[in-house]
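Structural characterization, general
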Amino acid sequence: MSRGSEKPDESPKWMSFRTLLVSSMLLRVFLIIYGEWQDSHMEVRYTDIDYTVFSDAASLMASGESPYKRTTYRYSPLLALLLVPNSIFHRSWGKFIFSASDLLVGLFIREILKLRKVSEKVCTVSVMVWLLNPFTFTIGTRGNCEPIVCAMILWIILSLMKGNLSQAAFWYGLVVHFRVYPIIYALPIILVLDSKLFRSGQKPPLEDWNTLTSSTEKKTFRLKSLFSRERIMFGLISGGVFLACNAVSFYFYGHEFLHEALLYHLTRTDPRHNFSIYFYHIYLHYERQFSAVEKLISFLPQFTWFNLALGDNCAVLCVVLLPATSDSTMEPYEAEMGRLVMHYSVDWSSDALAVVGIHA
């Protein structure tokens, strides 16, 4: 069949979404089982060391003790609670939870693109880029909790696209408590909640992928429009959920929680997980004691989009697959693929969160 007679909206049967989802699930189950074998028979373990930390913390919680008695556990108590069945059913419970979240990310990517009226073929290819990516499928099967964060972030985007402001705010407060660094998404979310475009309870006008054209027109952000009803409501709900989760955690685990899960990250000087521009200085002098000022200075340069989002986790990759741009000089299918892999910069314009595709 010639290229001109192909229907760009149709995908081959072997490339259908259902087939992709089932094969991705089987792949992850196989890798989890294989990981158990490798851990038992090889010197180099398949399981991520962080998973051992999570499991130990969950075991302590199951026995009525603080998860923070486990050295290097610096996460929300919710993560340890989620993995309590590791001590009851099987030690791989958490890996299945993380891998299931990974599959949810693929489902949410598809849902978001369908709302933008993206063709079935491009939807399937974009989901394939996530589900069959060695970088992503090994993260969950090795026992890293990042897929949960990715799924929550995409669910927030879906909620915003459907006009469910309260739901989006609730999950945003929860995900920031869960892992802190998704705070970086606050800026694009605030920019999207323009009172002229977004009304709580109403589905905002979304740009049709097929009619999207390049535009150099920029609409400036006015400070006086910052305090809209939607933005205030989102801030109050998400902030309330974040504070409530922290308050409950503090009630049960006190200053131990406050230091390990939150304050520690302000002064961490771990040379293996530090993306500061002062990394090499920290690496060379790691054996000596750093002052509080040096610790704080090493943290501040890390607070950027790249270092927090791409340098330490995969929570941005799931979003990069979504935004759209166009090129009229390309063939229709090539243009769609170009729009798929290009990522808008977040700036003070009406295209702040291009993935949502709200009309400006």
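The model shown is predicted, which means the values in this text are computed figures rather than measured ones.

Take the overall build of the protein next. Within the protein one finds 16 helices and zero strands. Residues classed as buried in the protein amount to 47% of the 360 residues present. Expressed as a percentage of contacts within the protein between residues at least 6 apart in sequence, the contacts between residues at least 24 apart total 71%. By element, 64% of the accessible surface of the protein is carried by carbon and sulfur atoms, the whole surface being about 18700 Å².

This paragraph deals with the nonpolar core. Among soluble globular proteins, nonpolar side chains are generally buried collectively. Grouped together as the largest cluster of nonpolar side chains are 62 residues, with contacts concentrated most on Phe-54, Tyr-73, Leu-79, Phe-98, Tyr-172, Ile-189 and Phe-234. Among the elements that make up this core, the one with the highest residue count is helix H8 (residues 146-161) (twelve residues). The contacts of Ile-189, once residues within four sequence positions are left out, are Ile-156, Leu-160, Tyr-172 and Phe-234.

A few words now on the packing of helix H5 (residues 93-115) against H8. Where H5 contacts H8, the two axes come as close as 8 Å, and the packing angle between them is 25 degrees. Classed by the angle they form, the pair H5 and H8 counts as roughly parallel. The handedness of the crossing between H5 and H8 comes out as left-handed. Along its contact with H5, which presents Ile-97, Phe-98, Ser-101, Asp-102, Leu-104, Val-105, Phe-108, Ile-109, Glu-111, Ile-112 and Leu-115, the element H8 presents Pro-147, Ile-148, Cys-150, Ala-151, Leu-154, Trp-155, Ile-157, Leu-158 and Met-161. Its residues assigned to classes, the contact of H5 with H8 comprises 17 nonpolar, one polar and two charged.

Put simply, the protein has an average pLDDT of 75, and 61% of its residues get 70 or more. The least confident element of the protein is helix H16 (residues 332-341), whose mean pLDDT is 39; the most confident is helix H3 (residues 77-82), at 95. This stretch, residues 1-6, has a pLDDT under 50; its non-local contacts, to residues over four places away or in other chains, come to four contacts. Within the model, pLDDT remains below 50 along residues 304-312, and this stretch shows 24 contacts once partners closer than five positions in the same chain are excluded.

On to the pattern of salt bridges. According to the stated counting rule, one finds ten salt bridges in the structure shown. Notably, a salt bridge pairs Lys-69 with Glu-65, separated by 3.0 Å at the nearest N-O pair. The exposure class of Lys-69 is exposed, given its relative accessible area of 52%. Relative accessible area serves as the criterion here: at 32%, Glu-65 is assigned to the partly exposed category. Among the ionic pairs, Arg-74 bridges to Glu-260, the shortest N-O distance being 3.0 Å.

The rules we used
Residues numbered from 1 in each chain as written. Predicted model: local features only at pLDDT ≥ 70, side-chain atom pairs only at ≥ 80, totals over all residues. Heavy atoms only, no water. Helix = DSSP H or I, 4+ residues; strand = E, 2+ residues; numbered from the N terminus. Buried < 20%, exposed > 50% of the residue type's maximum accessible area, 1.4 Å probe, protein only. Contact = heavy atoms within 4.5 Å. Areas by Shrake-Rupley, 256 points an atom, 1.4 Å probe, with all protein chains shown as cover. Core = buried A, V, L, I, M, F, W, Y, C linked by side-chain atoms within 4.5 Å. Axes fitted to C-alpha atoms, helices over the stretch in contact; angles between N-to-C directions. Parallel < 35°, antiparallel > 145°, perpendicular 65-115°, else oblique. Left-handed = near helix turned anticlockwise from the far one by under 90°. Nonpolar A, V, L, I, M, F, W, Y, C, P; charged D, E, K, R; others polar. pLDDT = per-residue confidence, 0-100. Salt bridge = Lys/Arg side-chain N within 4 Å of Asp/Glu carboxyl O.

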